[in-house]
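Read off the chains here:
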There are 2 protein chains.
Amino acid sequence: MHKKIMYVCNMANSKLYKGSLTTIILKLLNESEKMYGYEMTQKVKQITKGELNITEGALYPALHKLEAEGLLDVEVKKVDNRLRKYYKLTEKGNKETVSKLEELKDYIKTMETFMNPKLSLE
Amino acid sequence: MHKKIMYVCNMANSKLYKGSLTTIILKLLNESEKMYGYEMTQKVKQITKGELNITEGALYPALHKLEAEGLLDVEVKKVDNRLRKYYKLTEKGNKETVSKLEELKDYIKTMETFMNPKLSLE
DNA sequence: AATTAATACCTAAGTTTTTTATGCATAAGA
DNA sequence: TCTTATGCATAAAAAACTTAGGTATTAATT
């Protein structure tokens, strides 16, 4: 009747993943053309070899928000008598993806500056 | 009497910096031995050429938390009749810094996997 | 001389994002 | 038959940050 509760490892135990979920979703859709939520959780787990597990409690609200903002389009399909909600990027979503990936690059560059501060200071 | 309100640019307009403030603080103290809060905001602005501005509303509570966790020690000094609270890493803080920088490296590596997914997938 | 900007600390309300903990339903496997 | 996997969802709580104040001293500008 009741589901067994077992949490594995959310967001790699690291707070750094906070704020990057949107970027991850957009990049996944940029690669795969169309995906459904559950598929994204599995794909991320696979790509990162289990290091990064996005939780459904974070994912679904995020998808709904992106849809409401006009960045994603949804298409519901029934496969094996089970519903799947396929998401894909809109025109606006494509632009936002480019911008988010730029931000990620900038973020990484900035944080690497902190890692090797000697290079940037006198 | 009243302070002019003028916000410049918080956290580089990017949500990605959420969750990285602690890492930034620890790394700054790892480099500089001891620093005070206001000095940190200026240092970060300088190092990132204005791209990243940490707000005091985020910084001070973060410093208090790190102190409460035993990662930082405080020493109050009066300079020019103005108070400064100098923070430095404790033994525990040094270890946490190593661990946080490891996490940052892992995070960057993982996110770069998303940027160049062809390399990691068949 | 008076106002503003800079230095230096602080906090509290509100927002956003994520975690945690559920809920429902079907299919597959042990 | 019971559990795991698939697939969606939400709601309360926690966490982190933004926004918007506040106090006080010193330096710079008007």
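Our subject is the structure that appears above.
Just so it is clear, the model here is predicted, and its values are computed rather than measured.

About the criteria used
- Residues numbered from 1 in each chain as written.
- Chains lettered and ligands numbered in written order.
- Predicted model: local features only at pLDDT ≥ 70, side-chain atom pairs only at ≥ 80, totals over all residues.
- Heavy atoms only, no water.
- Helix = DSSP H or I, 4+ residues; strand = E, 2+ residues; numbered from the N terminus.
- Expected span 1.5 Å × (residues − 1).
- Buried < 20%, exposed > 50% of the residue type's maximum accessible area, 1.4 Å probe, protein only.
- Arc of directions from axis to C-beta.
- Contact = heavy atoms within 4.5 Å.
- Salt bridge = Lys/Arg side-chain N within 4 Å of Asp/Glu carboxyl O.
- Buried area = accessible area lost by both parts, 1.4 Å probe.
- Nonpolar A, V, L, I, M, F, W, Y, C, P; charged D, E, K, R; others polar.
- Phe/Tyr/Trp six-rings, centres within 6.5 Å; stacked < 30°, edge-to-face > 60°.
- Lys NZ or Arg CZ within 6 Å of the ring centre and 35° of its normal.
- Pairing = 2+ DSSP bridges.
- Axes fitted to C-alpha atoms, helices over the stretch in contact; angles between N-to-C directions.
- Parallel < 35°, antiparallel > 145°, perpendicular 65-115°, else oblique.
- Left-handed = near helix turned anticlockwise from the far one by under 90°.

Student: Honestly, helix H3 (residues 56–68) of chain B in this entry has me stumped. Any pointers?
Tutor: All names here are of chain B. For H3, built from 13 residues, the straight-helix expectation of 18 Å at 1.5 Å per residue is met to within 8% by its first-to-last C-alpha distance of 18 Å. Taken as a whole, H3 has its buried residues at Leu59, Ala62, Leu63 and Leu66. Summarising the axial view, the buried residues of H3 lie within an arc of 105°, below the 170-degree limit, and thus occupy one face. Turned more than 90 degrees away from the buried face of H3 sit Gly57 and Ala68, all of them exposed. Residues of H3 that are buried in the fold lie against helix H1 (21–32), helix H2 (37–47), strand S2 (72–79) and strand S3 (82–89). Immediately downstream of H3, the backbone of Gly70 shows phi near 80°, a positive value.

Student: Would you explain the pattern of salt bridges in this entry?
Tutor: For side chains bearing opposite charge, pairing can occur when the charged atoms are close. All names here are of chain A. What the rule picks out here adds up to 4 salt bridges over all chains. For Glu31, the salt bridge identified is with Lys27, shortest N-O distance 3.1 Å. One end of the pair, Glu31, and the other, Lys27, are both in helix H1 (residues 21–32), 4 residues apart, so they sit about a helical turn from each other. By relative accessible area, which is 33% here, Glu31 ends up partly exposed.

Student: What exactly am I supposed to notice about the interface of chain B and chain A here?
Tutor: Many analyses report the size of an interface as the accessible area lost when the parts associate. Contacts between the two partners involve 38 residues from chain B and, on the opposite side, 38 residues from chain A. For the pair chain B and chain A, the summed buried surface comes to about 3500 Å²; carbon and sulfur atoms form 71% of the total. Taken together, the connections running from chain B to chain A amount to 0 salt bridges. Mapped by element, the contributors of at least two residues to the side of chain B that touches chain A are H1, H2 and helix H4 (91–115) of chain B. Examining the composition of the side of chain B that touches chain A, we find that 13 residues originate from one element, H4 of chain B, more than from any other. Of the residues belonging to the side of chain B that touches chain A, the class tally is 16 nonpolar, 10 polar and 12 charged.

Student: Honestly, the packing of aromatic side chains in this entry has me stumped. Any pointers?
Tutor: Aromatic ring pairs are reported here in terms of the distance separating the ring centres and the angle at which the planes meet. Taken as a whole, this structure holds 5 aromatic pairs over all chains when the rule is applied. Ring centres of Tyr36 of chain A and Tyr86 of chain A lie 5.2 Å apart, and the angle between their planes is 75°; this geometry places the pair in the edge-to-face category. Of this pair, Tyr36 of chain A sits in strand S1 (residues 35–36) while Tyr86 of chain A sits in strand S3 (residues 82–89); the two residues are 50 residues apart in sequence, bridging distant segments of the chain. The same class applies to Tyr36 of chain A and to Tyr86 of chain A, which are both buried. Residues Tyr107 of chain A and Tyr107 of chain B carry aromatic rings whose centres are separated by 6.1 Å and whose planes lie at 85° to one another, so their mutual orientation is edge-to-face. Here Tyr107 of chain B lies in helix H4 and Tyr107 of chain A lies in helix H4 (residues 91–115), a pairing that spans two chains. Across the pair, exposure class does not vary: Tyr107 of chain A and Tyr107 of chain B are buried alike. Put simply, the rings of Tyr17 and Tyr107 of chain A together with Tyr17 and Tyr107 of chain B pair up and form one aromatic cluster. For Lys34 of chain A, the ring lying beneath its charged end belongs to Tyr86 of chain A, and the centroid distance is 4.6 Å. When the ring centre of Tyr86 of chain A is taken as origin, the NZ or CZ atom of Lys77 of chain A, which lies over that ring, is 5.9 Å away.

Student: Would you mind showing me how to read the pairing of S3 of chain A here?
Tutor: Each regular strand displays side chains that alternate between the two surfaces of the sheet. Residues and elements named next belong to chain A. Here S1 pairs with S3 via 2 bridges, running antiparallel. When the sheet's bridge partners are listed, Met35 is paired in S3 with Tyr87. Relative to S3, strand S2 (residues 72–79) runs antiparallel, the two being bridged by 8 bridges. Bridged to Leu72 within S3 is Leu89. In sequence, S2 turns back onto S3 through a hairpin of 2 residues, with Asp80 there showing a positive phi of about 55°.

Student: Can you help me understand the packing of H2 of chain B against H3 of chain B in this one?
Tutor: How two helices pack is summed up by the angle between their axes together with the distance between the axes. Residue and element names in this part refer to chain B. At a minimum axis distance of 10 Å, the contact between H2 and H3 shows a crossing angle of 130°. Here H3 runs oblique to H2, going by the angle between their axes. Taken as a pair, H2 and H3 cross one another with a handedness that is right-handed. Across the interface between the two elements, Gly37, Tyr38, Met40 and Thr41 from H2 touch Glu56, Leu59, Tyr60 and Leu63 from H3. Here the residues of the contact of H2 with H3 are counted per class, giving 5 nonpolar, 2 polar and 1 charged.

Student: Please clarify how unusual backbone geometry should be interpreted in this entry.
Tutor: Among all residues save glycine, negative phi is the norm, and among peptide bonds the norm is trans. Positive phi values are uncommon outside glycine, yet Glu33 of chain A reaches one of about 70°. Relative to the assigned elements, Glu33 of chain A resides in the loop between H1 and S1.

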